[in-house]
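Breakdown of the fold
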Amino acid sequence: MKLSVFTVATPDLTPAELIPIAKEAGLDGLEWRYTSTAPERRNEAPSFWGNNLCTIDPATTTDEELDALAEAVRGHGLTTAALTPYLTAGDVEGTERAMRHAARLGAKAIRVGVPRYDRTADYNDLFSKAVAYLESVEALSKKYGVKGLVETHHQTITASASLAHRLVGRFSPEHVGVLYDPGNLIHEGYENFRMGLELLGPHLAHVHVKNAGWFPGETAGAPWTCRWVAMDRGIVDWKQVLADLKSVGYDGWFGVEDFSGTHDTKTMLATYAVWFRSLAEQA
């Protein structure tokens, strides 16, 4: 079992601070958040999607800084599991830059863009756009040796495993795969976990670990809302998911992405490693 952390979940630590803490917690790798922070947010308190201190900025990070980061990761006996950008479907230039930087870090995968679905554009048009983009992703993957991963994510055209499979199924699983996120499926896209994993087959490439729950509105007739909760407290039955992953022979990365705020960052990582390895032994 290979455990990592997606650094969106460690916003209060710099990369230099996180690396030894991740090692001490018992993790095996890191997934670097890869995006630019708006200048006006840099004086804010650290937050997941705002002033996240554990972020690689594609616009300003130099090759020398990437080399130094890669060396620091290796020096602690860790691996860079992935580089995780927030790409827009169709951004071929940004995708190539991310793949080049991922290769320099020794990462074997990046997350690629998927069109959002918000009822303002027809799904079929968005699907065609995504297919055209993934053709470029596949070509870039062959060039850089870095796989492009489509994430199962709510409010996109890959909200479920079956929708993700419909998109990536025409591409080689060596170059285009799926980042499977059961926590996101609780928001939108839930299917029987094992069935979805069986459908994805060789395109299953990475798994994110978090949890979510549904809560009723505060007044009668108010809509229910889905919120992030502690990894062991939500709707995702991780023991069952681990058993289902075992049934399909999955042996890839598990990257924690906990947004619950239940623990401070250091405690969250240590808790995750112990809890998840224990669950895996039971599954």
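Structure first, text after, so check above.
The present account deals with the structure reproduced in this document. (Residues numbered from 1 in each chain as written. Predicted model: local features only at pLDDT ≥ 70, side-chain atom pairs only at ≥ 80, totals over all residues. Heavy atoms only, no water.)

**Remarks on helix 2 (residues 63-75)**
When the terminal C-alpha atoms of helix 2 are compared, their 18 Å separation across 13 residues agrees well with the 18 Å that a helix rising 1.5 Å per residue should span. Leu 66, Leu 69, Ala 70 and Val 73 are the residues of helix 2 that are buried. Buried residues of helix 2 fall within an arc of 100° about the axis and therefore sit on the same side. Away from the buried face of helix 2 by more than 90 degrees, exposed residues Glu 64 and Gly 75 are located. If you follow the buried residues of helix 2, they end up packed against helix 1 (15-25), strand 2 (29-34), strand 3 (55-56), strand 4 (79-85) and helix 3 (92-105). (Helix = DSSP H or I, 4+ residues; strand = E, 2+ residues; numbered from the N terminus. Expected span 1.5 Å × (residues − 1). Buried < 20%, exposed > 50% of the residue type's maximum accessible area, 1.4 Å probe, protein only. Arc of directions from axis to C-beta. Contact = heavy atoms within 4.5 Å.)

**Some words on unusual backbone geometry**
Within the chain, Arg 119 stands out as a residue other than glycine whose phi angle is a positive 75°. Summarising the element assignment, Arg 119 is placed in the loop between strand 5 (109-111) and helix 4 (123-144). Classification of Arg 119 by relative accessible area gives exposed; the value is 76%. Within the chain, Gln 155 stands out as a residue other than glycine whose phi angle is a positive 65°. Within the element layout of this structure, Gln 155 appears in the loop between strand 6 (147-151) and helix 5 (161-168).

**Here we look at the side chain of Thr 158**
Its location among the elements puts Thr 158 in the loop between strand 6 and helix 5. Separated by 2.8 Å, the side chain of Thr 158 and the backbone oxygen of Glu 151 make a polar contact. (Polar contact = N/O pair within 3.5 Å; in protein donor to acceptor, adjacent residues only side chain to side chain.)

So, to be careful, I would describe these as geometric facts and stop short of saying anything about function.
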